[in-house]
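For reference, the chains in residue letters:
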Amino acid sequence: QLLDSRPLSDKQRRSCYAMIREIAVWSGDTTEAIKDALKLDFWCGELVQMADTLFSLHDAPMSVVAAFQSWLARFIVRNDVPTKRSMLEYVDDVDDYVYACLISKKCCICGKRADLHHIDTVGMGRDRTEIIHEGLEVMPLCREHHEEFHTVGKTDFFTKYHLNGGIAADKTICRIYGIKARKEKSA
């Protein structure tokens, strides 16, 4: 259920417009044309069952704008749209953004190509080829940010980048990264 009565926040509006400007620069089209196209694409894919008119970033309910903001962040990650600032500065739903980065193998800090980083330690007597990774906390980090994580430690790293922690690896993440998941139970 996306509709509620809370008004959107100025921060949400600014974040959405900042991401729309980044996409407009990347695409070479005007901000207004891109905004209209993205809202229509979002509306068709996400909101068609709940409304018969396009929403406005001026007065849409907070939940609709939050869903649009997450959708814009996934669009940027999926399409390699370069941004001037870290996407972590644009998103409210950090975990949704980190998951999108995991799916696309992009560093959740800088957007560069990333490897899977285990928050829950692997190695040190635990053979990474034998353990079940499903359910372990992971995040996508480039080599530079992976090294920073180990240098400054988990707590300082999460605080510096305003991260909630890792994402529990699910079957999709395990498949994408070629790591072991739990076996399906037979019926």
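Computed from a predicted model, the values in this text were never measured in an experiment.

Regarding the layout of surface pockets
Rolled over the atoms, a probe as big as a water molecule pinpoints where empty space is left.
And then number 1: Its volume calculated, the second largest pocket comes out at about 180 Å³.
And then number 2: In terms of lining residues, the second largest pocket is bounded by 15 residues, among which Val-81, Thr-83, Met-87, Cys-110 and Gly-111 are the most central.
And then number 3: At the level of elements, α3 (62-78) and α4 (94-104) are the ones that each hand at least two residues to the lining of the second largest pocket.
And then number 4: In terms of residue class, the lining of the second largest pocket is made up of nine nonpolar, three polar and three charged.

Description of helix α1 (residues 10-27)
And then number 1: The first and last C-alpha atoms of α1 sit 26 Å apart over 18 residues, in line with the 26 Å expected at 1.5 Å per residue.
And then number 2: Just downstream of α1 lies Gly-28, where phi reads positive at about 85 degrees.

A closer look at the nonpolar core
And then number 1: Judged by nonpolar contacts, the single largest core of 53 residues is most densely connected at Tyr-97 and Leu-163.
And then number 2: Those elements giving two or more residues to this core turn out to be α1, α2 (31-47), α3, α4, β2 (137-141), α6 (154-161) and α7 (171-177).
And then number 3: With residues near it in sequence (within four places) discarded, Leu-163 still touches Leu-88, Val-94, Val-98, Ile-109, Met-139, Phe-157 and Phe-158.

What to know about the packing of aromatic side chains
And then number 1: One pass over the structure, following the stated rule, counts eight aromatic pairs.
And then number 2: Where Phe-68 meets Trp-71, the ring centres are 6.2 Å apart and the plane angle is 15 degrees; that geometry is what we call stacked. Placement of both Phe-68 and Trp-71 in helix α3 is noted, with a separation of three residues, approximately one turn of the helix. As far as burial versus exposure is concerned, Phe-68 and Trp-71 are alike and both buried.
And then number 3: Chaining the aromatic ring pairs together yields one cluster made of Trp-26, Phe-42, Phe-68, Trp-71 and Phe-75.
And then number 4: Above the ring of Tyr-177, the side-chain terminus of Lys-105 is found at 5.0 Å from the ring centroid.

Here's the deal with the side chain of Gln-12
And then number 1: Position of Gln-12 relative to the elements: it lies in helix α1.
And then number 2: For Gln-12, a relative accessible area of 3% puts it in the buried group.
And then number 3: Once you skip the residues sitting within four places of it in the chain, Gln-12 turns out to touch Met-62, Val-65, Ala-66, Gln-69 and Asp-92.

Focus on the sheet that holds β2
And then number 1: With respect to topology, three strands assemble into an open sheet ordered β1-β2-β3, the strand pairing being antiparallel. Each end of this open sheet is capped by a strand with a single partner; those strands are β1 (115-118) and β3 (167-168).
And then number 2: As defined by bridge partners, β1 adjoins β2 across four bridges and the pair is classed as antiparallel. Paired with Leu-116 across the bridge in β2 is Pro-140.

Considering the pattern of salt bridges
And then number 1: This structure, assessed with the given rule, holds 10 salt bridges.
And then number 2: Note that Asp-92 and Lys-11 form a salt bridge whose closest N and O atoms lie 3.0 Å from each other. Taken together, the residues Asp-92 in the loop between α3 and α4 and Lys-11 in helix α1 connect sequence positions 81 residues apart.
And then number 3: By relative accessible area, Asp-92 is classed as partly exposed at 39%.
And then number 4: For Glu-148, the salt bridge identified is with Lys-160, shortest N-O distance 2.8 Å. Of this pair, Glu-148 sits in helix α5 (residues 143-152) while Lys-160 sits in helix α6; the two residues are 12 residues apart in sequence, bridging distant segments of the chain.
And then number 5: Residue Glu-148 is classed as buried on the basis of its relative accessible area, which comes to 15%.
And then number 6: Its relative accessible area of 52% is what places Lys-160 among the exposed residues.

Calculation notes
- Residues numbered from 1 in each chain as written.
- Predicted model: local features only at pLDDT ≥ 70, side-chain atom pairs only at ≥ 80, totals over all residues.
- Heavy atoms only, no water.
- 1 Å grid on protein atoms, 1.4 Å probe; cavity = no way out; pocket = protein on both sides within 12 Å on 5 of 7 lines; lining within 4 Å.
- Points joined across faces, edges and corners; volume = space filled by probe spheres on them.
- Helix = DSSP H or I, 4+ residues; strand = E, 2+ residues; numbered from the N terminus.
- Nonpolar A, V, L, I, M, F, W, Y, C, P; charged D, E, K, R; others polar.
- Expected span 1.5 Å × (residues − 1).
- Core = buried A, V, L, I, M, F, W, Y, C linked by side-chain atoms within 4.5 Å.
- Buried < 20%, exposed > 50% of the residue type's maximum accessible area, 1.4 Å probe, protein only.
- Contact = heavy atoms within 4.5 Å.
- Phe/Tyr/Trp six-rings, centres within 6.5 Å; stacked < 30°, edge-to-face > 60°.
- Lys NZ or Arg CZ within 6 Å of the ring centre and 35° of its normal.
- Pairing = 2+ DSSP bridges.
- Salt bridge = Lys/Arg side-chain N within 4 Å of Asp/Glu carboxyl O.

It is worth stressing that arrangement in space is one thing and function is another; only the former is reported here.
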